[in-house]
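An overview of the molecular structure
The primary structure of each chain is shown beneath.
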Amino acid sequence: MMPQGISAPFLQINQPHLLRKEIKMEKLTSNVYTETKIRGCNPSIVFTKEGSVFIDNAQWLTSLLEMIEFAEQKGSIKYMINTEPHIDHIFGNHWFAGKCPVIGHEAMIKDFFLVPGEMDGYDYSVDVLTRQDPKGLALMPSRENYIINKPQITFTKDLSLKVGDHTFKLYHTPGHSDSQIAVHVPEERTVFVGDTVFSDCQIWLHSANIDELINSLKFIYTLDVDHIIPGHGPVVKKSYIMNQLSFIYEWITTVADGIEKGWTQEECIARISFADRFPVDIGQDEMMEYIQRTNIIKCYNYLTQG
């Protein structure tokens, strides 16, 4: 629980003013805003007496800049907290480099800005903007000017911050990724869990440690909260944790039944699908086959390799 110091001066980044008359973010409590209806993760803001704290950031650049301007109209931005290293959660770190420290688990550093496939993080981001946020494409800095703004403050297990009258309890909740964290704000009875929870959409197990994921879900269930803000999908009550656990167990059981019938991994992939259960999260319809295949591979290996 030893934070590392900020390693370099922040850079100043100018950006245009894009804010519409009203922010589109959902107001969950008097101080908590989140956005669950754009491609990528659910970026959120908590307002305190000392300034705002962001938890993750938007992959749509136009939305991201609106959120930053919305926050700065109310005061300074104190921290940017990343719940994981996957690009839909950290793409916008560039735009916080001149504003505030970034906080994340120490294990984030090794996987930061990596994406599956042949493209690197920069080209992947440009591709997303080209297809889904073309107005944001013109605002994207060049590769040379894009700042891969890794966390300057890291921790090993848990970290507690006091910002104004608010407490931010950062818990290491590995599973979806080994650097996954949850951010509990008890004063708002809210916890931001990142991709430990996918509500009402397909769950991604491709990078998961299933035992750790199950244990982290059980831990989150012990928190005294009214609102869980997942990595993807709508805000849910704590009871949804049982829905998520049930779905993971169903994946495992179905693959186990296939193995019991003598199916190979490829036969399980050909014969098992949960595509009819939930849609893929917004803007990622093309990933349905990938999710089904990699989830089966993950469950198959979990059951057969110990």
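Structure first, text after, so check above.
Right, let's walk through the structure included here. Every chain is numbered on its own, with residues counted from 1 as its sequence reads. Whole-chain, interface and lining totals are the exception, using all residues; otherwise, since this is a predicted model, local features are given only for residues with pLDDT of at least 70 and side-chain atom pairs are given and counted only at 80 or more. Side-chain measures were taken over the full set of non-hydrogen atoms in the model, leaving aside hydrogen atoms and water.

1. Some words on the sheet that holds strand 6 (residues 102–105)
As a reminder, the rule being used: Any two strands with at least two DSSP-identified bridges between them are counted as paired. Helix and strand labels come from DSSP, where a helix needs a run of H or I of at least four residues and a strand needs a run of E of at least two; each type is numbered from the N terminus. Here, residues are in contact when the closest pair of their heavy atoms is within 4.5 Å. The axes are straight lines fitted to the C-alpha atoms, using for helices just the contacting stretch, and the angles between their N-to-C directions are given from 0 to 180°.
Overall, mixed pairing links the seven strands, which are arranged 1-2-3-4-5-6-7 in an open sheet. If you trace the sheet from one side to the other, it starts and ends with strand 1 (26–27) and strand 7 (153–155), each paired once. Pairing geometry for strand 6 and strand 7, over three bridges, is parallel. Among the inter-strand pairings, glycine 104 is bridged to a residue of strand 7, identified as threonine 154. Each of strand 2 (32–34), strand 3 (44–48), strand 4 (51–55) and strand 5 (77–81) touches helix 1 (residues 61–72); the most contacted strand, strand 3, lies at about 5° to it.

2. Brief notes about the pairing of strand 9 (residues 166–172)
Going by this rule: The cut-offs for exposure are 20% and 50% of the maximum accessible area for each residue type, with area from a 1.4 Å probe on protein chains only; residues under the lower value are buried, those over the upper are exposed, and the others partly exposed.
Within strand 9, five of the seven residues are buried, which leaves the element mostly enclosed by the surrounding structure. Pairing geometry for strand 8 (residues 158–163) and strand 9, over six bridges, is antiparallel. The residue bridging lysine 162 from the neighbouring strand is threonine 167, located in strand 9. If you look at the hairpin formed by strand 8 and strand 9, you'll find two residues sitting between the two strands, and glycine 164 has a positive phi there, around 60°. Relative to strand 10 (residues 181–185), strand 9 is paired through four bridges, and the arrangement is antiparallel. Considered in strand 10, the bridge of histidine 172 is made with isoleucine 181.

3. Things to note about the pattern of salt bridges
Defined as follows: The rule for a salt bridge is simple: a side-chain nitrogen of Lys or Arg has to be within 4 Å of a carboxyl oxygen of Asp or Glu.
Inspection of every chain in the model, using the stated rule, returns twelve salt bridges. In this structure, the salt-bridge partner of aspartate 123 is arginine 143, at a minimum N-O distance of 2.8 Å. Of this pair, aspartate 123 sits in helix 4 (residues 121–132) while arginine 143 sits in the loop between helix 5 (134–137) and strand 7, and the two are 20 residues apart along the sequence. We classify aspartate 123 as partly exposed; its relative accessible area is 34%. Among the salt bridges present, the one from arginine 293 reaches glutamate 266, with a minimum N-O distance of 3.2 Å. Of this pair, arginine 293 sits in helix 9 (residues 288–304) while glutamate 266 sits in helix 8 (residues 265–271), and the two are 27 residues apart along the sequence. Note on arginine 293: relative accessible area 31%, which makes it partly exposed. Among the residues examined, glutamate 266 registers a relative accessible area of 44% and is labelled partly exposed. Bridged by salt links that share partners, the residues Lys110, Asp111 and Asp178 form one connected network.

4. Considering the layout of surface pockets
Cut-off, in case you're wondering: Cavities and pockets were defined on a 1 Å grid built over protein atoms only: a cavity is a set of grid points that admits a 1.4 Å probe from which the probe cannot escape, a pocket is an open set flanked by protein on both sides within 12 Å along at least five of seven lines, and lining residues are those with an atom within 4 Å of any such point. Grid points are joined across faces, edges and corners, and a volume is the space filled by probe spheres set on the points. Amino acid classes used here: Ala, Val, Leu, Ile, Met, Phe, Trp, Tyr, Cys and Pro are nonpolar; Asp, Glu, Lys and Arg are charged; the rest, including Gly, are polar.
Size it by volume and the largest pocket reaches roughly 650 Å³. Lining the largest pocket we find 30 residues, and of these Val115, Pro116, Tyr124, Trp204 and His206 sit closest to its centre. At the level of secondary structure, the elements contributing two or more residues to the lining of the largest pocket comprise helix 2 (87–90), helix 3 (108–111), helix 4 and strand 11 (190–198). Taken together, the residues of the lining of the largest pocket sort by class into eleven nonpolar, nine polar and ten charged.

5. Looking at the state of the cysteines
Note on terminology: a disulfide is the covalent bond linking the sulfur atoms of two cysteines. Rules: Here, two cysteine sulfur atoms that lie within 2.5 Å of each other are counted as a disulfide.
Tallied over the entire structure, the rule returns zero disulfides. Free cysteine cysteine 268: the closest other cysteine sulfur is in cysteine 299, separated by 9.9 Å. Here cysteine 268 falls in the buried class, since its relative accessible area comes to 0%.

6. Overview of the packing of helix 7 (residues 240–260) against helix 9
Rule in force here: When an angle is under 35 degrees it counts as roughly parallel; over 145 it counts as roughly antiparallel; between 65 and 115 it counts as roughly perpendicular; any other value is oblique. For any helix crossing, the convention is left-handed if the near helix is rotated counterclockwise from the far helix by under a right angle, and right-handed if that rotation is clockwise.
Helix 9 packs onto helix 7 with a crossing angle of 70° between their chain directions and a minimal axis gap of 9 Å. As far as their axial angle goes, helix 9 and helix 7 are roughly perpendicular. When you trace helix 7 past helix 9, the crossing you get is right-handed. For the pair helix 7 and helix 9, contact is made by Trp251, Ile252, Val255, Ala256 and Ile259 and by Gln292, Asn295, Ile296, Cys299, Tyr300, Tyr302, Leu303 and Thr304, respectively.

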